[in-house]
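Now for the letters of each chain:
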Amino acid sequence: MSAPPAPIVIDTNRVLDLLVFQDTEVAELRAALAAGRLRWLVTPAMRAELARVLGYPRIAPRLEAAALPAETVLAAFDRASVCVEAPAGAPVRCRDPDDQIFIDLAVQQGAHLLSKDARVLGLARRLAPLGVRVTRGWPAPG
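All of these numbers come straight from a predicted model, not from anything done at the bench.

## Quick look at helix H2 (residues 27-34)
Item 1. Within H2 the residues assigned to the buried category are Leu29, Ala32 and Leu33. For H2, the angular spread of the buried residues around the axis is 100°, confining them to a single face.
Item 2. Turning to H2, the residues buried within the fold contact strand S1 (6-10), helix H1 (12-19), strand S2 (38-42) and strand S4 (112-114).
Item 3. The positive-phi residue at the C-terminal boundary of H2 is glycine 36, with phi of around 80°.

## What to know about the side chain of threonine 43
Item 1. Here threonine 43 is to be found in the loop between S2 and helix H3 (44-54).
Item 2. Owing to a relative accessible area of 2%, threonine 43 belongs among the buried residues under this scheme.
Item 3. Discounting chain neighbours no more than four positions away, the residues touching threonine 43 are Cys83, Val84, Glu85, Ala86, Pro87 and Leu105.

What counts and what doesn't
Think of each chain on its own: its residues are numbered from 1, step by step along the sequence as written. Restriction of local features to residues with pLDDT of at least 70 applies here, the model being predicted, together with a cutoff of 80 or more for giving and counting side-chain atom pairs; totals for whole chains, interfaces and linings are based on all residues. Hydrogens are left out, water is left out, and the side-chain values use all remaining heavy atoms of the structure. Each residue's exposure class comes from its accessible area (1.4 Å probe, protein chains only) as a fraction of the maximum for that residue type: buried when under 20%, exposed when over 50%, partly exposed otherwise. The secondary structure listing takes helices from DSSP runs of H or I that are at least 4 residues long and strands from runs of E that are at least 2 residues long, numbered from the N terminus. The arc under discussion is defined with respect to the helix axis, by the directions toward the C-beta atoms. Contacts: residue pairs with any heavy atoms within 4.5 Å of one another.

Next comes the structure, spelled out in structure tokens:
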């Protein structure tokens, strides 16, 4: 019998790497999600943030150049992720309220949190006792 998929929360910058930029840094993450080894957890607020970011002046032209409509990215997000109810606030707080939604969900679910954000990465030691491992890449080193 195989192990259940490990829960993971992925911040918006890493989602862009995964679904828009096809960044090679997330190739193993993409494979793990496709193989069902990870359960990517999201909330409606995370989807709304992605939709907003896809319209940013630095992102929208890249979508257009790649002939990748925002609706296609959001559909891929919906297919690959599992939407859950937004959790209560976690005891560890981030200075950036946009990042807090990822922290709250990771704490509630005891999930791995994947982020490139220095503020989030800086909270790794405070989140570890709450069952959250925070890393920049996948698979996590060590």
